[in-house]
Each structure stands twice: as structure tokens, then as C-alpha cells.
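Here is how the chains run, residue by residue.
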Protein chains: 2
Amino acid sequence: MERPATAAQAPSGAGAAGAGGAGPVAPTPAALSQLQPLPHDAAELTAGWLHDWQQLTLTSTLPHVLDRVEQGEARSNLARLVGESDAPLTGMFFTDTDVYKAVEAVAWASTRLPADHPLLARAQALVDLVRRVQEPDGYVNSRVQGDPAVERWSDPQWGHELYTAGHLLQAAVAAARTGSLPGALDTARALADLVVALFGPDGTGRPGYVEGHPEVETALVELYRLTGHAPYLATAARQLEVRGHGWLGEDRFGSAYFQDAVPVREAHEATGHAVRQLYLLTGAVDVAVETGDAELLAAAVRVWDDLDSTKTYVTGAHGSRHRDESIGDAYELPPDRAYAESCAAIATFHLAWRLLLATGEAHYADAMEHVLHNALAASTSLSGTEFFYSNPLHLRTGHGGEHEDAPTQRLAWFTCACCPPNIARLLTSAHDYLLTRSPAGVQLQHHASAVVDAALPSGAHAHLEVESDQPWAGTTRVVVTTEDDDAWELALRVPAWARDWSVSVDGAPVDAEAADGYVRLRRSWAGQHEVVLNVGVTVRQLTPHPRVDAVRGCVALARGPVVYALEQADLPEGTVLEDVRLRRVIGAARSSGPAAALAPVLVEAEVEVQHPHETALYSSAPRSHDTDVHVVRLVPYHRWANRSPGAMRVWLPLSDTSAG
Amino acid sequence: MERPATAAQAPSGAGAAGAGGAGPVAPTPAALSQLQPLPHDAAELTAGWLHDWQQLTLTSTLPHVLDRVEQGEARSNLARLVGESDAPLTGMFFTDTDVYKAVEAVAWASTRLPADHPLLARAQALVDLVRRVQEPDGYVNSRVQGDPAVERWSDPQWGHELYTAGHLLQAAVAAARTGSLPGALDTARALADLVVALFGPDGTGRPGYVEGHPEVETALVELYRLTGHAPYLATAARQLEVRGHGWLGEDRFGSAYFQDAVPVREAHEATGHAVRQLYLLTGAVDVAVETGDAELLAAAVRVWDDLDSTKTYVTGAHGSRHRDESIGDAYELPPDRAYAESCAAIATFHLAWRLLLATGEAHYADAMEHVLHNALAASTSLSGTEFFYSNPLHLRTGHGGEHEDAPTQRLAWFTCACCPPNIARLLTSAHDYLLTRSPAGVQLQHHASAVVDAALPSGAHAHLEVESDQPWAGTTRVVVTTEDDDAWELALRVPAWARDWSVSVDGAPVDAEAADGYVRLRRSWAGQHEVVLNVGVTVRQLTPHPRVDAVRGCVALARGPVVYALEQADLPEGTVLEDVRLRRVIGAARSSGPAAALAPVLVEAEVEVQHPHETALYSSAPRSHDTDVHVVRLVPYHRWANRSPGAMRVWLPLSDTSAG
């Protein structure tokens, strides 16, 4: 069955564009999914931490990204092909993806922008440019079209052709679902049809051709979901099946780098390049749920579990190694050389959302919340226009951070600029991840203030007004308004970090359990009712698994979903951060002064500074030190490096006096 | 003044070739040096650890290296230029250096090889090949000559042309000093003269041209020392002066990577690519001592001190980062991702020798001893034919070590094969580093069994027979035989690790001090006298400086100069190495069984294996475990990975019960 979807004018989804078109990730009714997302824009952020970040994205990040895309090689590599730029072909092999991700970001934003908003015209111009560059057979890739020495599909390891295609497809899906940016879908489908013709099950391209960087799999499934055109799904499934047999060769970093050493369906471990691994799993879940492939879904869950239990930073980040941007061994989680790429954090968020939909298990929502509030949020400056590519958990005193590989401060752009537009496309659709629905009812997955229009099992709708002061405090108030008399379940996720919680309906305490991570309230909600969930927000001292050698003897402090960090700026002048030891946590403190711009709540702790007497790097003699005691305040990790450059650490070594 | 040195037939030095020609590093009489090396072959290793390694080098490593050089791109890239190979141009930009380092290794060995030894003919064939490839103006570099698209000196960052030239010069110096391999010196001088013409103080090449990889500086100084041709020294000095002004640009890793961010004479910190940094300092010391530039020497000492006190692994290795092979920040010394390149260990040995000669300070000899017995010795397998390129201090359980970047086992060769021939050239000259002389007398710097012919201050000679059971025990016996009546000082280094020591002459205890690291015995040694130095060799528990976050709560065990490691093979089956905690050191143990092939002395310790109850990577809940107690044996770090592949660690976390 093919849905009518020849262009953006006819998106799939529950309703018309901008009024119920699907958001990112829209499993078909036949999918294995336990939960369904709400349509795009069913929820609207109204206040609070995530709202403010989304607004910053719209007012600062996205215009900045478009500036850079329009003024840099991302646009000029395309424009030169149609005589609209004299700039030389330059940059990474996938500069087109900066265009596509920026377009996707605008598409998700489009439904709440006035029709004459400049972002729309700027994105449309990029869409139109791509259309003009596209060859008659559907092929479009400026780095290949622009270089006579390069043949199409000649460099599967590094050419990023299917990866780049995937981002065009995702942008077009966003445009179609939002009814914006006409032309994008036609362009994408022409390219997708070429990909199917070459690399689908009956493709005429090189047998076994595997793309070095997964991404097209999830994009093809989304295009299938939009259009109902089954060959897209079949081609995605085929890309998964041909990978893992060593076809890409060892090359510089070995087969595992490309996740080409073991078929995804047989994998037990997360390996290789972090973003590739996570995008691959994302595509695997999409294919699994749409093809009813429980074995493939189980494989993705298995690899997620490996990641989650042995290869995840306390900030939710993934990927420890700089050299090959790879995940590293189990428990290899150095804080000071954490690579922890922003795009990997985005991919983790995408993957966890898919696993949440597929399984209905709350711990995936916990993971989304955690990576969003820490690794992912740290990527962007308070100004919205500077970014981290890698997100270390410890910047050492005296760090030589001039180079963009591990700078001391966020940068406006990068030689490889994948992260900033990726952040933008996630944030303009951030509200689409707040709630889910199921045959039982509606689930509030993330605690953020929003107004929501949710379809109920009966087909009727409910209006939800959510007010939450998370992440800084623990109250979420939901006012449900509906005319539906049927009983349905309103489930509110109780975050895994909450030590205690209570819930009331219309002011009366409710004796509910949350054994599976949700407090589930099943009743008729006809009329208007108020649900209040209070969760205890305390400062937690997190200890690492004893096999995480790099942070032995340390704790990380977290409060709610937010991990805190100690910055040089908050230490007595002249203190060497590495001499600081935690004596005890005092507690949360309302911020004031310059720190108030960073966050409303800081964490206060008593520390000692141990001034070492001995300078020997290694010694068999006893070591000694003088000790000063100070009270210091920690800032949210995601707000570090918004003041003067300086050392920072998440993991605090315990003093001998600490109760630990 | 220019010494007569037109060819290998007339080397400089104290005597004729093979009977007193200089070894590696031969400061001129005018140099600032406090100490002088003995001539090449003045000492001959007779037994023990270093002797056995040198023999292994001659019988296994060097033939293996020559096999690989002759059969691979190192030779074919040159041979194809004169129609002697059909192989395509391939490999790293500096494949010629594999040839040069192999030739240098044979040259140093040549004085003790029979004239018809096949190694000599094989090296001669390589020397002759280079001669035929050399262009009329002296230029020779197969990667540039072989590629029409590449112009000479067009890629200072990565072309490695002066680096490659430097290794030819060093090979030629070795040939000339040993009277071996005729033709090498003429080839080298022709190239050196071209380098002087282009990049000397009056050079016509690009002003300010800096080579991305230092090496030519030390080579030019050594060629100056051999020939007395001052422009070689001036050109080396100029290469030092033009570096550090950012001329090389940021490129991929920033100016600091090339040590081009700060002039070497102004540097306070060791930065960037480890081998480049160390080779640069090596050249800086050579230039400083020959030009009488105390400021430059002080700069090299300053950067050494920074390295030694904040950026050195407990194995003596340097360079923590894989991505750019760089040194890392102060105290950034992760054991499991230690890059610790074998070539950096070699460079450290070379640099420390030069600083020892320049200053006469024993701690440089301690550093040589330490890196030799640990990082450097670890590079080579018991078979002598397999090598580590990087030398981690912790191989994690389950390490994904298929790739040559961080393999689980030593490999026979590498894509970048710099290390194996570098090891070979150091080991064939290892006996040249045992002793020094000065106006005061003779210094035994390293404890190894050898027979030595040493020139005395009077001009007379002494014959020394040294018997030492170091590194496994603590007795060094020196029998001095001389006809010289004059008083002179025999100094024996007391290793920094020795907790106690005693010395006797002719059986009578001597009440001597060793305040500066040497026990100094000044007297007439006419006739024959026996000196015995006994040093206490105990197992030491080394603690790291508290700022070395990566090994907090751990100790490393060392005995004498040898650092020990715990290997999977020595743990109860099924044990996860990262669950092991040290309870107490039992002491040294004579090895037996299969481990006896590794070392005569192992270290025995009581450990507990903590089987964790909780799997959560991070948790605010208490953690608990079951405990098994075992007695285990540790092997010398330099012998790890000579049995089955498996996890290994140098730094042992302490159990709570440990006295620490």
C-alpha cells in the first residue's frame, strides 16, 4: 500500500500539515511499537529550561547556522555547480549535510513561524538550490559532482554519499510532514529512488555495497513512513544486512570502526566510531519495528545495554577516543580526554526515543532526559552561537586548548561542522519528544511546561496544560481537560533519579505505584482535573562502577537530571583544580551574582585544597600536603565555559575525611 | 678548522675505525659538555640483561628488520627510481628512513662482525642503492623523486624531507665512525651540502623554512662533529632558530604539534607530537653544547624538567595521546590509552644521554636506565621479531585490539614502521652508553657486565671488567687494571631507586658519599683493584603525584629499575583484571615454570578480587562486592604480552585493607 505523498502538500500523519502532521519518527500503525509519538506541534513548550533553549535556538542558533551555511562551503560547494559561486570546492566530504540539517531545523520550526519569516525563505532558497544541482537521474552530492576525479559511489569508506543522501531525505520528510519548503520531497524521492535502484534488494549497484557512515537507514524508513513506498524500507533493511561482513575492509581504523566487523543482528557490543554506531542502531530499530523483526530489535537493545552499562559517561555522552572518534573499551571512560561528541549525544537521544517507542520502557526516557540535560546541553553556549564538538568532563589546569580538537571554549564553527546544525534540528523539534500515547492512554515522558493536545484511545482529544519546574525543582502539575467520558490512563514518568515522590489528583493524594518508572492514573478524566507529581530533588553523590579506573576515588554530583561541575572561576585565585578534594556536600543553593545567568540552582560543597609538598611524579616515599578548606559552588556541567576560560571537572576526588 | 673526513676511511675520533672511532654523540673538545663518551666499542657487553638483548638484536631483530626493509616499500620506493623494482610508490612519506636506520644499526654493529657477515653486504647494497638514486645536486628522497606531482620542499608540515635527510646523515656518521659501508658518507655530505645551500644561514631556499619533524638538527651536528665542517652546525642552529614562530601554520593539530608555537629557547613546556618534541630537544642540546649556547641548553633542561615532573609515564614513556601522538597536558597520563610510542622512548634515551654528557648530572642516567628497562624494552618481543609501536600501561579486559593502533600483541611490522629499525640502531650501539669520562676520571653510568678500555686523564688507559647482576640483583663488581700511577676518580652511579648501598675496594669497606648520585673513588688505581658496589634491591610501591588523576588510589610496583605488571595469564581463570585490588606486596620471587622464560625474578603480592554486586555504571546507592583473596605474581612490564593475549595493568588499585 502506498500513501499519496507526491509532495509536501500531502504529508502523512494524523492531520493536516501544521495541525497534526507527524514529527520526527512516526512508526506506522503496523509497527512493533508499544508507544506512538504525538503529532508534530501537538505539544508546545511554554516556559522553563527546555522552552528557553528552544527559543534560543530559534532566535540565535538557527540564524547563526544558516549564516554559516550560506556564507561557507556548505552552500558554495552546491552553488558553484550551477554557476552561482566562484568559490573552490572545499571542506569535508559531507558539506551538503550542513545544508540539509539546517533545512530540517527550519522545517520543524516552520509550523510556528509566520509565513513571511526570513528563515523560511532562506531555507527555501537552499532547497531550490539543491533541486537545481540535482542531476536528471536523481543524484545530488556536491563533493562528487564537483570533482571530476571522483566517481560516484567509489569511496564507500569515506565518501559519505549515502550518509549525505540520508540527511536530504530527513530534511524532506520534515518539510513534508510540516507542509513547508515545497520541492524538498521531490528532490529527496528522486535521490531515494536512485538509491533503491542501485542498492535496494534488486539493485544494480555494486553487490554488498555498504556506506561507511550509517544514516541512510533511518532516513529511508522515515521516507517509507511518509510515503508508504515499500522499497525504501526494503533498501534500509538491505543496508543493515550487508553491513558487518568486512566488505569495507580494515582501512585506517579497522572494520569495527565502521561497525562492519559483526552484523548488527549478531552484535553484542557497541564498537567503533560512536556516531556511526548510534546512527546504525537508530536505523536498526526503525527497520526492526517496521518489518516486525523482533530479533533485530533485540540486537539493538542488547548493544544499547552494553553501551549503557559499560560505555556511557556520567553526562550521558558516548565515545571516549579522539583518534578515531570511537566508543572505546568497556569502562574506558577518561574524563579529561573524553571525546563525547555532541553529534553522538544527539544520536543517543534519537536512539533512546526509538527504543522508548518500541518498548515502552521508562529507562529510555531517563536516558533521553539525562543526555539532553548534560552532554547535549553543554554543546551550546548561553549565547546560542558557540558550540563544543567534543565534551570533556575534565579540562585540566594548563590545558593546551588552542586547537579545535579540544578547545578551552566553545567555537562558532568547525572544520567539520556537523554538530551545530544537528543541534538546531533537534531543538526545533524538541517539543515532539515530550509525550507519547498508547492504546491505554497518554504518557508524559519529559517534565517541561507545555500545552498539549493529545488524541485519546477513544479518538477524542484531551487538552493538557503542564507546568513543571524541573530540572531545578520537583513539581509537575498537569491540568487535564477533556469531554471524553471513557477511562484512560495518564502516565507520568517518575525520573529514575527521584528518591521519593508523591502524586495527587485534584488535591487528593493518590496511592499509586511506579514500579516500571511511571505513575499510572487510570480513570475517566472528563471535565477538568489537576494532577500534581512531586519528586524529591536532592543532591546525589554518584559513584562510578569500580571498573571505571579513570575516576577511582571520585564522585560526581547531580541534582535532578543535572550533573554539576566545579570550575576554576569558582575557586580561590591561584588554586590548582587538581588539588581540590571534596569533603562534603552542603546542598543546593540559589544562585546569585554573575552565576545567576548560568542557572538558578547551584550546588554548594566544602572542599579542601591539598597543596602538595612533593613534586616527584612517582615516589616510594610518603607524600604530604598543606590543606586549606573552602566552601565552593558548582555549576551545571552544561553551563561550564560560559565565563572565563579555565579548568573544570565533573568528577571530584574525595578527601580522606569524606564520608564518600 | 675542518677535519679530514672525505669518506668512511677517515673517521674522526680517538683512534682508527673499529678501534676507537667515536660512537653515537661525540661532542668536540670545544663543547660545553661535562662528560665525554668513550669511543665506540670501548666497552663490550659480556653477559646479562642488556647483553642478551643486544645479542637478540644482532641475531633476530636486525635480520628481521633488513628482511622487511629489503622486501617492502622502504627499498622498492628507492629501487624503482633506478629501474630495479616494478613496485608502485607507496607508504609513508619517510619510508627511506627505514633504510637509513637499518643501515645505521648495521654500521654500529659492524666493528664486531666478521667482514663477510651477510648483514654488512646487505647494508652495503642499500647504501649503494641510495647512491644510485641520488641526484647530481645531492638530493635524495624517494617519495619526492618518485612522484611527479610533488615538488621538493613543498610540504614542510608532512613531507619529512629534512627528517629523512637527517636519518641518512646519522647512518653515514655511524658508517664513517666505524669505518664501514663506504660511500655512505659521500652520499650524506652531498645531501647535507644541499641542505646547507638551501636552508643554512645564507641559504637560497624559502626563508624561514622549517621542517615539520625535527631530526636534521642533531644529525647535522653529528656530521659537523665528524667532519669539522662548520656550516653543518650553523645550519642546525638556524633550523632551531626559525622554528617556533608559527611558520608551519595550524594545519590539522595546531602549531604546538610541530613545536612551532614557541621558539625552543623560550619554551617552558613540552608540547605537541612527542617524538618531534624529543628529537627537537636532542638537536637543541647538540647545538647548544657545540656553539657554547648556555641559554639554549638551559631551555632544553627546562623543558626536560617539565616533562620529567609532569608528563612522564612510570615506565619512562612519553606521549599520552593517540590522536596526534602528542604529549598531553601536565599530569594527563592515562594508563589504558597511553600512546607512549617506542620511538619516543628511544628519543628520551638519546636526549637524556646528551643532557648527561652536557651536565654530568646522574639523574639523566637514571632516566636512561628507567626508560631502557621499561618503555623501551617492552617494545620488543622475546623473539626479537615483534614490536609494540605504542606501549600502554593497562590493556583492559575485552580490549578491542585488532587494529595496529592499539593491538593486544606485538606485531612484526607496521604501516608506519619507524620503531623497529629505530630499536635496532639503538641496541647495536647500546654498549656505547655504559660509561663516560671526564678530566676527573671515568664514570660507570649503567650497571651491565662488560669489558671496557677507558682512556684516563693522564692519557694512559685502564682496563675495566664489570660484572653486574642488575637489574635482577644489586651487586656490581669492577676490576680495574691499569699501569697508570696518577690518581683519578672512578665514579659509580648509585641508582636513584637504591634505598641503601655500600662499596668496598679490594674487600675493604669504603666510607664514601653519593650525594650527587655517584660514589666517587679517587686514588691511584695502578695494578689491579676490585671495587664492589652493593645496592639494596627491594620491591618499591610507587605512588603517583596526586594530580595524576588517572591512577588515583593505585600503586605501581618496581624492583630496581624494573617496573612490574599484572597479567591476565597470572590470575585465576575467569578473573576480570579490573576487579583486582592489591592487599600487600609479599616480595621478590625467583621465577619458575613457564614464567622463567620471562625473567628470573618476579614480584609476589596478595590481592583480592572484588566481584561487584551492582552493575550500574553510576549510582548514588552503596556498592558492595564479594571478595576472593589470592597470591599472584607480577612480571616485568617489559615482558608483558609474551604469552597468550590478555589484559595487563601496571597500576594496581589498592584494596581498602592495604597499608598503601
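Just so we're clear, the structure is a prediction, and the values are computed from it rather than from any experiment.

Visitor: So what about the UniProt feature "domain: Non-reducing end beta-L-arabinofuranosidase-like GH127 middle" (unreviewed entry) in chain A? Which residues, and what values?
Guide: UniProt tags residues 462-534 of chain A as "domain: Non-reducing end beta-L-arabinofuranosidase-like GH127 middle" (unreviewed entry). Along residues 462-534 of chain A the backbone is 0% helical and 62% strand, and the end-to-end C-alpha distance reaches 22 Å.

Visitor: I'd love a proper account of the sheet that holds strand β10 (residues 475-482) of chain A, names of residues and values included.
Guide: Residue and element names in this part refer to chain A. Spatially, β4-β8-β9-β10-β15-β12-β13 is the arrangement adopted by the seven strands of the open sheet, whose pairing is antiparallel. Where the open sheet ends on each side, the last strands, each with one partner, are β4 (43-47) and β13 (508-510). If you compare each strand with its neighbour and ignore which way they point, the axes differ by 20° on average. Of the pairings in the sheet, the one linking strand β12 (residues 501-505) to β13 comprises three bridges and is antiparallel in character. The residue bridging Val 503 from the neighbouring strand is Val 510, located in β13.

Visitor: Pulling in residues and values, what's your account of the pattern of salt bridges?
Guide: Residue and element names in this part refer to chain A. Evaluated as defined, the whole model comprises 82 salt bridges over all chains. A salt bridge links Glu 135 to Arg 152; the nearest nitrogen and oxygen atoms lie 2.9 Å apart. On the criterion of sequence distance, the pair formed by Glu 135 in the loop between α4 (118-133) and α5 (142-145) and Arg 152 in the loop between α5 and α6 (161-178) is long-range, its members being 17 residues apart. The partly exposed category is assigned to Arg 152, whose relative accessible area is 27%. For Arg 520, the salt bridge identified is with Asp 516, shortest N-O distance 2.7 Å. For Arg 520, a relative accessible area of 32% translates into the label partly exposed. Overlapping salt bridges bring together Arg 177, Glu 222, Arg 225, Asp 286, Glu 290 and Arg 354 as one network.

Visitor: Quick rundown of the domain arrangement of chain A? Include the residues and the values.
Guide: Once the domains are mapped, chain A shows domain 1 (25-393 + 407-433), domain 2 (435-535) and domain 3 (541-653). On a C-alpha basis, the centres of domain 2 of chain A and domain 3 of chain A stand 37 Å from each other.

Visitor: Residues and numbers for the pairing of strand β9 (residues 461-468) of chain B, please.
Guide: Side-chain direction in a regular strand flips from residue to residue, so the side chains alternate between the two faces of the sheet. All names here are of chain B. The side-chain alternation of β9 yields one buried face, formed by Ala 462, Leu 464, Val 466 and Ser 468, and one unburied face, formed by His 461, His 463, Glu 465 and Glu 467. Hairpin remark: strand β8 (residues 449-455) followed by β9, antiparallel, with five residues in the connecting loop; positive phi at Gly 459, about 100°. In this structure, β9 lies alongside strand β10 (residues 475-482), joined through seven bridges in antiparallel fashion. Residue Glu 465 lies in a different strand from β10, and its bridge partner there is Val 479. Where β9 folds back onto β10 in an antiparallel hairpin, the turn is made up of six residues.

Visitor: Can you explain the interface of chain B and chain A? Please cite residues and give values.
Guide: Each partner contributes to the interface: chain B provides 61 residues, whereas chain A provides 61 residues. In terms of surface lost to chain A, no three residues of chain B exceed Arg 323, Leu 617 and Tyr 618 of chain B, which account for 16% of the buried area on that side. The interface formed by chain B and chain A contains 10 salt bridges. Counting across the chain B and chain A interface gives 37 residue pairs in polar contact (both at pLDDT 80 or more). For the side of chain B that touches chain A, the element with the highest residue contribution is strand β16 (residues 539-544) of chain B, accounting for five residues. Partitioned by chemical class, the residues of the side of chain B that touches chain A number 20 nonpolar, 17 polar and 24 charged. Here strand β21 (residues 618-619) of chain A pairs with β16 of chain B via two bridges, running antiparallel. Along β16 of chain B, the bridge assignment pairs Ser 619 of chain A with Thr 543 of chain B.

Visitor: Hey, could you go over the packing of helix α8 (residues 216-227) of chain B against helix α10 (residues 274-291) of chain B for me, with residue numbers and the actual values?
Guide: Residue and element names in this part refer to chain B. For the pair α8 and α10, the least separation of the axes is 7 Å and the interaxial angle reads 35°. Crossing hand, α8 versus α10: left-handed. Residues Glu 217, Thr 218, Val 221, Tyr 224 and Arg 225 of α8 pack against Thr 282, Gly 283, Asp 286, Val 287, Val 289 and Glu 290 of α10. Split into classes, the residues belonging to the contact of α8 with α10 amount to four nonpolar, three polar and four charged.

Visitor: Explain the relation of the copies chain B and chain A to me, and be specific about the residues and the numbers.
Guide: Its rotation angle being 180°, the transformation that places chain B on chain A also includes 0.0 Å of axial translation and leaves an RMSD of 0.0 Å. Here the transformation between the copies is reduced to the relation of a two-fold axis. No C-alpha of chain B lies nearer the rotation axis than that of Arg 323 of chain B, which sits 1.9 Å from it.

Visitor: Describe the packing of aromatic side chains, naming the residues involved and giving the relevant values.
Guide: Going through the model one piece at a time under the given rule, you end up with 40 aromatic pairs over all chains. Site record: aromatic cluster; members linked through ring pairs are Tyr 139, Trp 153, Phe 199, Tyr 209 and Trp 247 of chain A. Over the ring of Trp 525 of chain B we find Arg 523 of chain B, and its NZ or CZ is 4.9 Å from the ring centre.

Visitor: Provide a residue-level description of the packing of α10 of chain B against helix α11 (residues 294-310) of chain B, including the pertinent values.
Guide: Residue and element names in this part refer to chain B. Where α10 meets α11, the axes come as close as 8 Å, and the angle between the chain directions of the two elements is 150°. Looking at the two axes, α10 sits roughly antiparallel to α11. When the axes of α10 and α11 are compared, the crossing they make is left-handed. Together, Gln 277, Leu 278, Leu 281, Ala 284, Val 285, Val 287 and Ala 288 of α10 and Leu 296, Leu 297, Ala 300, Val 303 and Leu 307 of α11 make up the contact between the two elements. Taken together, the residues of the contact of α10 with α11 sort by class into 11 nonpolar, one polar and no charged.

About the thresholds
- Residues numbered from 1 in each chain as written.
- Chains lettered and ligands numbered in written order.
- Predicted model: local features only at pLDDT ≥ 70, side-chain atom pairs only at ≥ 80, totals over all residues.
- Heavy atoms only, no water.
- UniProt positions renumbered as here; feature names shortened; annotations may be inferred.
- Helix = DSSP H or I, 4+ residues; strand = E, 2+ residues; numbered from the N terminus.
- Pairing = 2+ DSSP bridges.
- Axes fitted to C-alpha atoms, helices over the stretch in contact; angles between N-to-C directions.
- Salt bridge = Lys/Arg side-chain N within 4 Å of Asp/Glu carboxyl O.
- Buried < 20%, exposed > 50% of the residue type's maximum accessible area, 1.4 Å probe, protein only.
- Domains from an automatic or database assignment.
- Contact = heavy atoms within 4.5 Å.
- Buried area = accessible area lost by both parts, 1.4 Å probe.
- Polar contact = N/O pair within 3.5 Å; in protein donor to acceptor, adjacent residues only side chain to side chain.
- Nonpolar A, V, L, I, M, F, W, Y, C, P; charged D, E, K, R; others polar.
- Left-handed = near helix turned anticlockwise from the far one by under 90°.
- Least-squares fit on C-alpha atoms with pLDDT ≥ 70 in both.
- Phe/Tyr/Trp six-rings, centres within 6.5 Å; stacked < 30°, edge-to-face > 60°.
- Lys NZ or Arg CZ within 6 Å of the ring centre and 35° of its normal.
- Parallel < 35°, antiparallel > 145°, perpendicular 65-115°, else oblique.

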